[in-house]
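# Reading the structure
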Amino acid sequence: MTPRHRLHVLGALLAATLLGTATAQAQSFPTKPINMVVPYPAGGPSDHNARQVQPLASQFLGQNIIVENIGGASGSIGVSRALAAPADGHTVILGSPMELILTPLAIQGVRYKTEDLKMVAHLTSNKIILAVRGNLGVGDVSQLMALAKKSAHKPLSYGSVGNGSLYHLIGEKFSQDARIPLVHVPYRGIAPLMNDLLGGQIDMAFLPMAGTIMQSVAEGKIRGLGVTSKVPHPVFGQYPALAAMPGLEGMEFGIWAGVQVHKDTPEAVVQRLNQAFYTALQSPEVRKSFEASGNQVMGPSSPAELTRLFQKETERYRAIAKSINLQAQAGQ
């Protein structure tokens, strides 16, 4: 046997070994319950998304998926803990562009990078509503802007789920484009933020159009003034599109939810998780629950397609952060 033939044989044996290993990993995974880390407190939209897909994804995988809420520091505490676990697929993250892309730019001391993560499923996409406390005394965006200018000596406040979160960036962009002063009030999650907005401790917030948030709007507990899009929302068309208003053309934003793992997770495991979560999304009951609250349910995408999507989103949100001169701050 010539040296060249020997190399070909060795290469074929190595390829067969790797293929066999990958197949074995896919067939044996998971070998124990899976932790799904939600990097925010219970009761918020991220928690809601996780619990919608949890039962059917668990059924597909043959192991329980345990939702674990770990809030704090704009989601970075939960993401950091998940990334510290073995990269074997038994720990996943229910994430969004906020804690996955923006938080590493916004908080000093965050040790992970967006490039440490890999998306295995893109679950939903949603628009964001500008909502104000019910007794603020404004009925539309023009009245809000007029009040903010009139109250410049004591600026109106807006809440977000933390420094560098998407809702923080949108608030700063709105303040910049509308030329009104606003004071940012960061929270550890949407649930405590909503408590203060409902209680009148803050004046306004940009919030995902989902779950109990839209229920609070419908019940008049808070007032919706507009949606971060160029066209009316397909479900909540009664709220004006902010990006269609003069001077606010840059107010076009959305929020997505996706399942992430450590970038070193074996590809066969990534494929199996991809199948599990997209199988859950095909359930009519799951789709109905998501869509009833304004979420757009995403269709199946391959891991390669999801990698390209995640890279594109990373570039986009980094550009937004740069445009408002986002500065890293000490953790909350």
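Below: a short report on this structure. Only a predicted model underlies this, so the values are computations on that prediction, with no experimental measurement involved.

Right, let's get into the nonpolar core. Judged by nonpolar contacts, the single largest core of 102 residues is most densely connected at Leu144, Phe174, Leu207, Leu273 and Phe277. Setting aside its immediate chain neighbours within four residues, Leu273 contacts Phe29, Ile34, Leu61, Gly89, Val92, Val120 and Val261.

Moving on to the environment of Arg308. When you line up the elements, Arg308 lands in helix α11 (residues 303-323). Measuring from C-alpha to C-alpha, the distance between Arg308 and Met119 comes to 9.6 Å, with 189 residues separating the pair along the chain.

Next up on the list: the environment of Asp88. The topology assignment puts Asp88 in the loop between α3 (76-84) and β3 (91-95). Among the residues examined, Asp88 registers a relative accessible area of 26% and is labelled partly exposed. Put simply, Asp88 and His262 are 174 residues apart on the chain and 8.3 Å apart in space, counted from C-alpha to C-alpha. In terms of polar contacts, Asp88 uses its side chain to reach the backbone amide nitrogen of His90, at 3.0 Å.

One can find His262 in strand β9 (residues 254-262). Among the polar contacts made by the side chain of His262, one reaches the main-chain amide nitrogen of Asp264 at a distance of 3.0 Å. The residues contacting His262, other than those within four sequence positions of it, are Leu83, Ala87, Asp116 and Lys118.

Definitions and cut-offs
Residues numbered from 1 in each chain as written. Predicted model: local features only at pLDDT ≥ 70, side-chain atom pairs only at ≥ 80, totals over all residues. Heavy atoms only, no water. Core = buried A, V, L, I, M, F, W, Y, C linked by side-chain atoms within 4.5 Å. Buried < 20%, exposed > 50% of the residue type's maximum accessible area, 1.4 Å probe, protein only. Contact = heavy atoms within 4.5 Å. Helix = DSSP H or I, 4+ residues; strand = E, 2+ residues; numbered from the N terminus. Polar contact = N/O pair within 3.5 Å; in protein donor to acceptor, adjacent residues only side chain to side chain.

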